[in-house]
Amino acid sequence: MAFPKISLILNILVLIPVCSGLFLKANWAVDSYGIETPARGILLSIYLAILIFSAVLLFKFDAKMVIALLSVQILYKLLSPIMVGTLTNPVIISNVFIAVFQSYSVWKLLEQK
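Now for a look at the structure at hand. Values in this document were obtained by computation on a predicted structure and should not be read as measured data.

### Here's the deal with unusual backbone geometry
Right, on to step 1. Phi angles above zero are rare outside glycine, and Lys25 is one such case at about 60°.
Right, on to step 2. Tracing the chain through its elements places Lys25 in the loop between α1 (2–24) and α2 (27–33).

### Quick notes on the packing of aromatic side chains
Right, on to step 1. Counted under the stated rule, the structure contains four aromatic pairs.
Right, on to step 2. Summarising the aromatic geometry, the rings of Phe3 and Tyr104 are spaced 4.5 Å apart at their centres and angled 80° between planes, so their arrangement reads as edge-to-face. With Phe3 in helix α1 and Tyr104 in helix α5 (residues 90–111), this residue pair connects regions lying 101 residues apart in the sequence.
Right, on to step 3. For Phe3, a relative accessible area of 27% corresponds to the partly exposed category.
Right, on to step 4. With centroids separated by 5.5 Å and ring planes inclined at 40°, the aromatic side chains of Tyr104 and Trp107 adopt a geometry described as tilted. Of this pair, Tyr104 and Trp107 both sit in helix α5, three residues apart, roughly one helical turn.
Right, on to step 5. By relative accessible area, which is 47% here, Trp107 ends up partly exposed.
Right, on to step 6. In this structure an aromatic cluster arises from ring pairing among Phe3, Phe101, Tyr104 and Trp107.

Cut-off values and rules
Residues numbered from 1 in each chain as written. Predicted model: local features only at pLDDT ≥ 70, side-chain atom pairs only at ≥ 80, totals over all residues. Heavy atoms only, no water. Helix = DSSP H or I, 4+ residues; strand = E, 2+ residues; numbered from the N terminus. Phe/Tyr/Trp six-rings, centres within 6.5 Å; stacked < 30°, edge-to-face > 60°. Buried < 20%, exposed > 50% of the residue type's maximum accessible area, 1.4 Å probe, protein only.

Here's what the structure looks like:
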């Protein structure tokens, strides 16, 4: 059960600075995510939802809910390089590494069933 919780902590540790940077329009956020647009605002809302859900599940763990959250994240993170058309963007690179990490967590949860 430890590894899936580490995935939730990873979400929190990554998303707090990312959401803060997007909200505060930090230079690094503009460099990585582009200028402020409605699409970037929608992305921020999705990131905030994942952040909140990760925090709730960390304290009220539910394996099925964690599998659902991480599975959606794995799918969107692995689709990102295909949709963006590059593997060189720092957001895409981190997405792929996090997806691998989260895949292991999902596997560990499914293995317990």
